[in-house]
Amino acid sequence: MDIPNHPSAAAATRHPAPALASAGEFLSFRLGAEEYGIDILHVQEIRSFEEPTRIANAPSFIKGVVNLRGVIVPVVDMRIKLGCEKVEYNGFTVTIVISVHDRVIGLVVDSVSDVIELTQDQIRPVPQISTSLDADFITGIANVGERMLILADIGALVGSAELGLVNAPPALQ
């Protein structure tokens, strides 16, 4: 039974819950104290961090571009994008090269942990914490032993209008 003026009904219309992640293999990586997982099928390769060429007037989380075997790849620092307090580059810092929506993008993360196979029983929905929280890219939380893994729809994250990397029109030649 729907109650039109009930607070939970209003919240559901403002921010529909993202689809729950499906079982499969996920690449796990760390950003600060949190551990995230993305669908392994989007991962093209993992590279040691190299300083990208800066692009003028780009948002702070777009570190620049790198030349990856003739392909110019934009590089996004996920720590800055997701609001981590401390951004530090060290020997564990890597760039995860992903392919999403026919685009290649580099994601700078603190470290890569491993590839984890998750069953549907291990994946739980994201709790509704606040309507002001922008977590539309989070598709679930998985318990893996003592670890808690935040599952992310990397296509939704890098496809956001703020990034402008995925739906940008082709460059004029």
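The following refers to the structure shown. (Residues numbered from 1 in each chain as written. Predicted model: local features only at pLDDT ≥ 70, side-chain atom pairs only at ≥ 80, totals over all residues. Heavy atoms only, no water.)

1. Thoughts on the packing of aromatic side chains
The geometry of an aromatic ring pair is captured by the separation of the ring centres together with the interplanar angle, meaning the angle of the planes. Where we set the bar: Working definition: a ring pair exists when centres of Phe, Tyr or Trp rings (six-membered ring for Trp) sit within 6.5 Å. Plane angles under 30 degrees give stacked, over 60 give edge-to-face, the rest tilted. Type-normalised accessible area, obtained with a 1.4 Å probe on protein chains alone, sets the label of each residue: buried when under 20%, exposed when over 50%, and partly exposed for intermediate values. Counting from the N terminus, the helices are DSSP H or I runs at least four residues long and the strands are E runs at least two residues long.
Applying the stated criterion across every chain yields a total of 2 aromatic pairs. Between the aromatic rings of Phe29 and Tyr36, the centroid separation amounts to 5.8 Å while the plane-to-plane angle is 15°, which identifies the pairing as stacked. On the accessibility criterion, Tyr36 (9% relative accessible area) is buried. Ring centres of Phe49 and Tyr89 lie 4.8 Å apart, and the angle between their planes is 15°; on these two criteria the pair is classed as stacked. Within this pair, whereas Phe49 is found in the loop between β3 (43-48) and β4 (62-68), its partner Tyr89 is found in the loop between α2 (78-81) and β6 (94-100), the two being separated by 40 residues in sequence.

2. Things to note about the pattern of salt bridges
Test applied: One speaks of a salt bridge when a side-chain nitrogen belonging to Lys or Arg is within 4 Å of a carboxyl oxygen belonging to Asp or Glu.
If you walk through the whole model with that rule in mind, you get 8 salt bridges. Between Arg47 and Glu45 there is a salt bridge, with the nearest N and O atoms lying 3.4 Å from each other. Its relative accessible area of 26% is what places Arg47 among the partly exposed residues. Asp114 is paired through a salt bridge with Arg147; the nearest N and O atoms lie 3.2 Å apart. Taken as a pair, Asp114 in strand β8 (residues 111-118) and Arg147 in strand β11 (residues 147-152) lie far apart in primary sequence, 33 residues in all. Classification of Asp114 by relative accessible area gives partly exposed; the value is 30%. Bridged by salt links that share partners, the residues Arg30, Glu35, Asp114 and Arg147 form one connected network.

3. Overview of empty space enclosed by the protein
This is how the line gets drawn: Cavities and pockets were defined on a 1 Å grid built over protein atoms only: a cavity is a set of grid points that admits a 1.4 Å probe from which the probe cannot escape, a pocket is an open set flanked by protein on both sides within 12 Å along at least five of seven lines, and lining residues are those with an atom within 4 Å of any such point. Grid points are joined across faces, edges and corners, and a volume is the space filled by probe spheres set on the points. Residues are grouped as follows: Ala, Val, Leu, Ile, Met, Phe, Trp, Tyr, Cys and Pro are nonpolar; Asp, Glu, Lys and Arg are charged; every other residue, Gly included, is polar.
Evaluation of the coordinates by the stated rule reveals 3 cavities of 30 Å³ or more. The space that makes up the second largest cavity amounts to roughly 60 Å³. Looking at the lining of the second largest cavity, the elements that each hand over two or more residues are β3, β5 (71-77) and β6. Counted by class, the lining of the second largest cavity contains 4 nonpolar, 3 polar and 2 charged residues.

4. Section: the side chain of Ser28
Rules: In the analysis that follows, any N or O atom pair within 3.5 Å is treated as a polar contact, provided that within protein one partner can donate a hydrogen and the other can accept it, and provided that, for residues neighboring in sequence, both atoms belong to side chains. Contacts are residue-level and defined by heavy atoms, with any inter-residue pair within 4.5 Å sufficient.
In this structure, Ser28 sits in strand β1 (residues 24-31). A relative accessible area of 0% means that Ser28 is categorised as buried. At 3.4 Å, the side chain of Ser28 forms a polar contact with the side chain of Glu35. Engagement of the side chain of Ser28 in a polar contact is seen with the side chain of Asp114, the distance being 2.8 Å. Sequence-distant contacts of Ser28, defined by excluding residues within four places in its chain, comprise Glu35, Tyr36, Gly37, Val112, Ser113, Asp114, Ile116, Arg147 and Leu149.

5. Overview of the sheet that holds β4
Heads up, the rule is: A pair of strands is considered paired only if DSSP assigns at least 2 bridges between the two. Interaxial angle, 0 to 180 degrees, is taken between N-to-C directions of lines fitted to C-alpha atoms, where a helix line uses only the stretch in contact.
Spatially, β3-β6-β7-β5-β4 is the arrangement adopted by the 5 strands of the open sheet, whose pairing is mixed. The open sheet has two edge strands with one neighbour each: β3 and β4. Mean inter-strand twist for the sheet, computed between neighbouring axes without regard to direction, equals 30°.

6. Considering the nonpolar core
Our working rule: Within this scheme, the nonpolar core is defined by two criteria: the residues are buried Ala, Val, Leu, Ile, Met, Phe, Trp, Tyr or Cys, and they are joined through side-chain atoms within 4.5 Å.
With 26 residues, the main nonpolar core has Ile38, Ile96, Ile98 and Leu107 as its most contacted residues. Breaking this core down by element, the ones donating at least two residues are β1, β2 (34-39), β6, β7 (103-109), β10 (138-144), β11 and α3 (154-158). For this core, the element with the highest residue contribution is β6, accounting for 4 residues. Apart from the residues lying within four places of it in its own chain, the contact partners of Leu107 are Val76, Met78, Val94, Thr95, Ile96, Ile98, Ile154 and Val158. Counting 9 residues, the second-largest nonpolar core is a separate cluster that includes Phe26, Ile116, Ala142 and Val144.

7. Things to note about the environment of Ser99
You can see Ser99 is positioned in strand β6. Take Ser99: its relative accessible area is 33%, and that puts it in the partly exposed class. The spatial distance from the C-alpha of Ser99 to the C-alpha of Glu45 is 9.5 Å, given a sequence separation of 54 residues. Ignoring anything within four residues of it in the chain, the contact list for Ser99 reads His42 and Gln44.

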